[in-house]
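The chain contents come next:
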Amino acid sequence: CRRMGGGFGGKESQGNALAIACAVVASRTGRPAKMRYDRDDDMQITGKRHDFRIEYHVGFDAEGRLLAVDFTHFTRCGWSMDLSLPVADRAMLHADNAYFLPAVRIESHRLRTNMASATAYRGFGGPQGILGIERVMDHIAHDLHLDPLTVRQRNFYAADQATNPYDTAPPAPQASSPPERNTTPYGQQVRDFAVPAMVASLAQSSDYLARRDAIARWNATEPLLKRGIALVPVKFGISFTLTHLNQAGALVHIYQDGSIHLNHGGTEMGQGLFQKVAQVAAGAFDVPLSFVKITATDTAKVPNTSATAASSGSDLNGMAVLAACETLRGRMITCLAGLKDCAPDEVHFEAGRVRAGASEMSFAEAAALTYQARVSLSATGFYKTPDISWDRLKGQGRPFYYFAQGAAVTEVVLDTLTGESRILRADILHDTGASLNPALDIGQIEGGYVQGAGWLTMEELVWDDLGRLRTHAPSTYKIPAVADTPEVFNVTLWNSPNREATVRRSKAVGEPPFVLGISAFLALSDALAAAAPGPYPALDAPATPERLLMTHHRQRSAP
């Protein structure tokens, strides 16, 4: 979209204030009005990601298995509601991440404050909820002197199985029959759960255990520079929690020359949606990608579009385009079978050619014959995500069609004199199902990880007592640059088709990789624990040099 100016949530609702101001001016003056923030005003006025304060009380056994957890989320929303309700809801829905919680209470408070209204941002509350449970896992491991990876593995869901194969510790005594280990706190069954296998694979490919031992030896001899490492999984729900938004439409035309033009309800903001949807259309007829052209998103062509959000752009619009293409393909097959006196199952589309019985022709020739037979070569497609339901008041249902999964190992180094830190290496294994475009997906994973690491290690918002943002320029608000990316950055796709019937059995890849940046934050916490053994280092995000240094000094002065 030429006028969007980027994605990551702000597009969804933050234009409303400008639209109202323009409407007032237009009404009073009788003339068209346009309003554009300059960069400084934009940073002060436009909403940010919701910041959370998360409190927890946890019960666990001697092997690190969770017995009960009580979370309280305090969400700073700003001066208006904006999208705070669904954002805070999604944080609650992701408070389990990849772990079975046998007894859980999650309480959420949405706070009205005197600051710019917080809004949607990549992950939409999910990363905040996941950070809470990952902090719990690290805290348990610290208290029991266990490897955090071991604690995580002992608490994984055991989807489609009665037990967790990675939990080899002696079983805890049960007062009654335990609940199913594949049920979320909101009652959804976790199916096709690959996180345990992915984590085991990543731990091996990244040489996690050997590196952890090497880091321990380094920290024992190095007085100032401390290293840390963390392995963090992600299980991210894919679908709008507002169920009626899980729908999409498409309009596809085939012209006599074999060219395919299409329009759908998704917007292109640099994430590669148009490329993936074009691949779906080309694949439906097995023609070169150059045959396909997508026109700019226009509600005059495809009405009632849902936002291109919730990582669902390819899932929804790809399936709508596929439905339209299959309609057209069926019409062409019926027509050509009649013209060439063969059965419909003898009509095949292969490599830009069409075979109909003993006859063979180009796709363009097949399109021209179909047109000449007065068969429509225009079709609409519609798709709605199946098998989802969500009762928000009861907090029960199946809000997500499936879960995207992944894991990341991050190694960092911390200068205990200055608080400065650096990411040395990141290894990522991410589940994209049967990827529609591996190059695009790897780009999303790399960008999501760096963006997530920046959120938790450097991007600090400072507000004064009057609710004014004081960090609203590049000199005071730091985002990751090229030099902040890991020197060693390995990304691998978990090549396993989606169990659910998504477009070409692929999985969403927009938001889930953002969560993997949590591993950088917890690796810094691991380095702090090595720098000053004692109580658990209660590091708050973002882990700026100042905050790291203050936490280190607090650790050193602890009794």
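Data block above holds the structure.
Structure report, in brief. All values derive from a computational prediction rather than experimental measurement.

**Concerning the sheet that holds strand 7 (residues 292–294)**
Piece 1. Across the sheet, which stays open at both edges, the four strands sit in the order 7-6-5-11 with mixed pairing between neighbours. One side of each edge strand has no neighbouring strand; the edge strands of this open sheet are strand 7 and strand 11 (378–384). The mean inter-strand angle of the sheet, taken between neighbouring strand axes irrespective of direction, is 25°.
Piece 2. The pairing of strand 5 (residues 247–254) with strand 11 spans seven bridges and is classified as antiparallel. Along strand 11, the bridge assignment pairs H253 with S378.

**Quick look at unusual backbone geometry**
Piece 1. A cis geometry characterises the amide bond from A541 onward to P542, with omega recorded as 0°.
Piece 2. With a phi close to 55°, D341 is a non-glycine residue in the positive phi region.
Piece 3. With respect to the helices and strands, D341 occurs in the loop between helix 10 (313–339) and strand 8 (347–350).
Piece 4. Its identity is not glycine, yet R505 carries a phi of approximately 65°, on the positive side.
Piece 5. Along the chain, R505 turns up in the loop between strand 16 (488–494) and helix 13 (512–515).
Piece 6. The class of R505 is partly exposed, set by a relative accessible area of 36%.

**Looking at the nonpolar core**
Piece 1. Of all hydrophobic cores here, the largest spans 87 residues; its most connected members are I254, F285, M332, V347 and F363.
Piece 2. Counting residues per element, this core draws most heavily on helix 10, at 12 residues.
Piece 3. Split by domain, the residues of this core number at least three in each of domain 2 (52–160 + 183–241 + 390–557) and domain 3 (247–384).
Piece 4. Once you skip the residues sitting within four places of it in the chain, I254 turns out to touch S259, I260, F285, L328, M332, F363, A367 and L377.
Piece 5. One finds L93, I133, M198 and F403 within the second-largest nonpolar core, a separate group that totals 36 residues.

Cut-offs used in this document
- Residues numbered from 1 in each chain as written.
- Predicted model: local features only at pLDDT ≥ 70, side-chain atom pairs only at ≥ 80, totals over all residues.
- Heavy atoms only, no water.
- Pairing = 2+ DSSP bridges.
- Helix = DSSP H or I, 4+ residues; strand = E, 2+ residues; numbered from the N terminus.
- Axes fitted to C-alpha atoms, helices over the stretch in contact; angles between N-to-C directions.
- Buried < 20%, exposed > 50% of the residue type's maximum accessible area, 1.4 Å probe, protein only.
- Core = buried A, V, L, I, M, F, W, Y, C linked by side-chain atoms within 4.5 Å.
- Domains from an automatic or database assignment.
- Contact = heavy atoms within 4.5 Å.

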